[in-house]
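Structure assessment
As a plain string of letters, each chain reads:
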Amino acid sequence: GSEMCIRDRFMVAQTYEVGSKEFNEVMELAVRMYPTDETANLNAAIIRLNNGDADAAKPYLDRAGDSKEADAARKAYEMMMMQ
């Protein structure tokens, strides 16, 4: 069927350039389909941080878990908020 698991979505996304429109679309779809998935939330937050939209990144960061990557994204968020 057309039902792709989240792992498959990330595999597909890895074929796109990070930050490209296609990559971002796959990540946005993933976070809508799996709103509690930490990796999906982290990717959605990073897209927003890369776009300079720290406020929009915050709710995703709150659900991004405790990985090194999530901690790094939170530090980036805090730096953006101080500017």
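Residues numbered from 1 in each chain as written. Predicted model: local features only at pLDDT ≥ 70, side-chain atom pairs only at ≥ 80, totals over all residues. Heavy atoms only, no water.

Glancing now at helix 3 (residues 38-50). For helix 3, spanning 13 residues, the distance from its first C-alpha to its last is 18 Å, which sits close to the expected 18 Å at 1.5 Å a residue. What helix 3 keeps buried is the set Ala40, Asn41, Leu42, Asn43, Ala44, Ala45, Ile47, Arg48 and Leu49. At the N-terminal end of helix 3, a side-chain oxygen is found 3.1 Å from the backbone nitrogen of Thr39, two or three residues along, and the residue is Asp37. One or two residues past the end of helix 3 sits Gly52, with phi positive at roughly 80°. (Helix = DSSP H or I, 4+ residues; strand = E, 2+ residues; numbered from the N terminus. Expected span 1.5 Å × (residues − 1). Buried < 20%, exposed > 50% of the residue type's maximum accessible area, 1.4 Å probe, protein only. Polar contact = N/O pair within 3.5 Å; in protein donor to acceptor, adjacent residues only side chain to side chain.)

Before going further, it helps to examine the pattern of salt bridges. Within this structure, the stated rule accounts for 4 salt bridges. Among the ionic pairs, Lys21 bridges to Glu25, the shortest N-O distance being 3.3 Å. Of this pair, Lys21 and Glu25 both sit in helix 2 (residues 21-33), 4 residues apart, which is roughly one turn of the helix. In this structure Glu25 comes out as partly exposed when scored by relative accessible area, which is 45%. Glu28 is paired through a salt bridge with Arg48; the nearest N and O atoms lie 2.9 Å apart. In this pair, Glu28 is assigned in helix 2 and Arg48 in helix 3, connecting sequence segments 20 residues apart. Exposure class is identical for Glu28 and Arg48. Each is buried. (Salt bridge = Lys/Arg side-chain N within 4 Å of Asp/Glu carboxyl O.)

Moving on: the confidence of the model for the protein. Put simply, the protein has an average pLDDT of 86, and 82% of its residues get 70 or more. When mean pLDDT is compared element by element in the protein, helix 4 (residues 54-62) scores highest at 97, while helix 1 (residues 6-13) scores lowest at 62. (pLDDT = per-residue confidence, 0-100.)

Now for the nonpolar core. Counting residues in hydrophobic clusters, the biggest one holds 15 residues, and the most contacted among them are Leu49 and Leu61. When residues of this core are traced back to their parent elements, those giving at least two are helix 2, helix 3, helix 4 and helix 5 (68-82). The contacts of Leu49, once residues within four sequence positions are left out, are Ala54, Ala57, Ala73, Ala76, Tyr77 and Met80. (Core = buried A, V, L, I, M, F, W, Y, C linked by side-chain atoms within 4.5 Å. Contact = heavy atoms within 4.5 Å.)

By the element assignment, Asn41 lies in helix 3. With relative accessibility at 0%, the residue Asn41 sits in the buried group. Setting aside anything within four residues of it in sequence, one finds Asn41 in contact with Val31, Tyr34, Pro35, Thr36, Tyr60, Arg63 and Ala64.

Attention now goes to the environment of Leu29. One can find Leu29 in helix 2. What makes Leu29 partly exposed here is its relative accessible area of 31%. Through-space distance from the C-alpha of Leu29 to that of Ala44 is 9.5 Å; in sequence the pair is 15 residues apart.

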